[in-house]
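If you want the building blocks of each chain, they are given just below.
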Amino acid sequence: MAGSRAPGGGNIKGGLSVGDTSITRKPNCPKELLLDNHAIDAWHSNLGIMFERKSFASEDIPHLINYCNAISKIIKLEAQFADLKNLTDVTSAGSLKLHPYVTAHNIFTNQSLKLASQLGLTPMARARMLSGGKDKGEEDDEDDFKEY
């Protein structure tokens, strides 16, 4: 029965593998799927980080494309904010509301944060990857069910 374990049944022996170690070279940049040079730059810089950390797997490609395009859209929208009057709009009733650019910026920022977390590009995701899911002071050889 040593070969199987129930869900939540203690520590997994050995290291946690995040990336695909069989991938030895970076995939070509899918320029036709990326919006512009901002997205292409984000592709190269983030793919480099993921390769350096050995956290890249082929199933990350669609998420990385979406992340790079979201970053590009954020950069373009922030250029629209040069004029502070653009941050609000007046409704037909005369009240103020957020300009649609601000709403779009918030959507793309949230999307990029979620994708960055999934790709291991945020500080918390990186800490989880580096710790292998263990808390401080927890040992690999510790048997969670020893007392039972």
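The structure this text deals with has already been given above.
Residues numbered from 1 in each chain as written. Predicted model: local features only at pLDDT ≥ 70, side-chain atom pairs only at ≥ 80, totals over all residues. Heavy atoms only, no water.

Asks: Give me the nonpolar core: which residues, what numbers.
Replies: One finds Leu34, Trp43, Leu64, Tyr67 and Cys68 to be the most contacted residues of the largest nonpolar core, which totals 18 residues. Of all the elements in the fold, those that place two or more residues in this core are α1 (37–52), α2 (61–80) and α3 (100–118). Looking at which element gives the most residues to this core, the answer is α1, with 7 residues. (Core = buried A, V, L, I, M, F, W, Y, C linked by side-chain atoms within 4.5 Å. Buried < 20%, exposed > 50% of the residue type's maximum accessible area, 1.4 Å probe, protein only. Helix = DSSP H or I, 4+ residues; strand = E, 2+ residues; numbered from the N terminus.)

Asks: I'd like a description of the side chain of Asp60, backed by residues and values.
Replies: Along the polypeptide, Asp60 turns up in the loop between α1 and α2. Lacking a salt bridge, the buried Asp60 has Arg53 as its closest oppositely charged neighbour, with an N-O distance of 11 Å. In this view, Asp60 contacts Met50, Ser55 and Leu119; residues no more than four positions away in its chain are not counted. (Lys, Arg positive; Asp, Glu negative; His and termini not counted. Salt bridge = Lys/Arg side-chain N within 4 Å of Asp/Glu carboxyl O. Contact = heavy atoms within 4.5 Å.)

Asks: Please set out the packing of α1 against α2 residue by residue, giving values where relevant.
Replies: Relative to each other, α1 and α2 sit at 135 degrees, their axes nearing to 8 Å. In terms of orientation, α1 and α2 fall into the oblique class. For the pair α1 and α2, the sense of crossing is right-handed. Every residue of α2 that contacts α1 at His38, Ala39, Ala42, Trp43, Asn46, Leu47 and Met50 is listed here: Ile61, Leu64, Ile65, Tyr67, Cys68, Asn69, Ile71, Ser72 and Ile75. In the contact of α1 with α2, the residues fall into 12 nonpolar, 4 polar and no charged. (Axes fitted to C-alpha atoms, helices over the stretch in contact; angles between N-to-C directions. Parallel < 35°, antiparallel > 145°, perpendicular 65-115°, else oblique. Left-handed = near helix turned anticlockwise from the far one by under 90°. Nonpolar A, V, L, I, M, F, W, Y, C, P; charged D, E, K, R; others polar.)

Asks: Go over the packing of aromatic side chains with me, naming the residues and quoting the values.
Replies: Summed over the entire model, instances satisfying the criterion amount to 1 aromatic pair. The interplanar angle of 25 degrees and the centroid separation of 5.4 Å between the aromatic rings of Phe51 and Phe56 together place this pair among those described as stacked. A relative accessible area of 19% means that Phe51 is categorised as buried. Classification of Phe56 by relative accessible area gives buried; the value is 4%. (Phe/Tyr/Trp six-rings, centres within 6.5 Å; stacked < 30°, edge-to-face > 60°.)

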